[in-house]
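# Survey of secondary and tertiary structure
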Amino acid sequence: MSKVDAILEEARSHLSRLEPHELHGLEDALVVDIRPAHNRLAEGEIENSVAVERIVLEWRLDPAGEWRMPGFDAGTTVVVVCNEGWASSLAARDLQRIGLANATDLVGGFRGWRAAGLPVVQGGSQPVV
């Protein structure tokens, strides 16, 4: 097993990852899209998701931080979405480490969501920076 695979496996051992249909039925979750702008523009977005650049993710989602975005607290379920569900696992692990105990990610990422036939809206929303 490569070192990256070991790190990913360790990160996922602390997550209650969601399948696309589980996320679709979930209310009161904050869905955070960390995909690059060009992917969001070309492929679309999950409705009501919030685009947050990965480089500022921890600062904008630190539940006690002065740079946090509004609309969530330490008890909020935060679901991180990337292209295929790899980078989002590492990001969700990092969010747990800063105090979001209910942070997790989407199995298969955005592309898994779309492949499951779930609704997609036009992409290109401005990210939280």
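As the structure is a computational prediction, the values presented were derived from the model and not from experiment.

What follows covers the pairing of strand β3 (residues 77–81). Taken residue by residue, a regular strand's side chains alternate between the two faces of the sheet. In terms of residue burial, β3 counts as a mostly covered element, since 4 of its 5 residues are buried. Where strand β1 (residues 29–33) and β3 come together, 5 bridges link them in parallel fashion. Bridging across to β3, valine 31 finds its partner in valine 79. Both β3 and strand β4 (residues 103–105) contribute to a ladder of 3 bridges, which runs parallel. The residue of β4 that forms the bridge with valine 78 is alanine 103. Following the chain from β3 across helix α5 (residues 87–97) to the adjacent parallel β4, one finds a crossover that is right-handed.

So, about the sheet that holds β3. Strand order in this open sheet of 4 strands is β2-β1-β3-β4, and the pairing throughout is parallel. This sheet does not close on itself; its edge strands, each paired only once, are β2 (50–51) and β4. Where β1 lies against β2, 2 bridges are found, and the strand directions are parallel. Each bridged residue has a counterpart across the sheet, and for valine 32 the counterpart in β2 is valine 50. Against the sheet, α5 touches β3 and β4, its axis set at about 175° to β4.

Moving on: the environment of valine 4. For valine 4, the location among the structural elements is in helix α1 (residues 3–12). Of the residues examined, valine 4 reaches a relative accessible area of 59% and is grouped as exposed. Residues valine 4 and alanine 37 lie 33 residues apart in sequence; the distance between their C-alpha atoms is 25 Å.

Tracing the sequence through the fold places isoleucine 98 in the loop between α5 and β4. Beyond its immediate sequence surroundings of up to four residues, isoleucine 98 is in contact with Glu58, Leu61, Asp62 and Pro63.

Listed in full, the buried residues belonging to α5 are Ser88, Ser89, Ala91, Ala92, Arg93, Asp94 and Leu95. Here the buried face of α5 lies against α1, α4 (57–61), β3 and β4. In the segment just after α5, glycine 99 is the residue with positive phi, at about 120°.

Moving on to the pattern of salt bridges. Across all of its chains, the model carries 10 salt bridges by this definition. Its salt-bridge partner being aspartate 105, residue arginine 17 comes within 2.8 Å of it at the nearest N-O pair. Taken together, the residues arginine 17 in the loop between α1 and α2 (20–24) and aspartate 105 in strand β4 connect sequence positions 88 residues apart. Of the charged contacts, one joins aspartate 94 and arginine 54 as a salt bridge, the two residues approaching to 2.9 Å between their closest N and O atoms. With aspartate 94 in helix α5 and arginine 54 in the loop between β2 and α4, the pair connects residues that are 40 residues apart, well separated along the chain. Look at aspartate 94 and you get buried, because its relative accessible area is 15%. Residues joined by salt bridges that share partners form a network here, namely Arg54, Glu58, Arg93, Asp94 and Arg97.

Definitions and limits used
Residues numbered from 1 in each chain as written. Predicted model: local features only at pLDDT ≥ 70, side-chain atom pairs only at ≥ 80, totals over all residues. Heavy atoms only, no water. Buried < 20%, exposed > 50% of the residue type's maximum accessible area, 1.4 Å probe, protein only. Helix = DSSP H or I, 4+ residues; strand = E, 2+ residues; numbered from the N terminus. Pairing = 2+ DSSP bridges. Right-handed = clockwise from strand over helix to strand, strands pointing away. Contact = heavy atoms within 4.5 Å. Axes fitted to C-alpha atoms, helices over the stretch in contact; angles between N-to-C directions. Salt bridge = Lys/Arg side-chain N within 4 Å of Asp/Glu carboxyl O.

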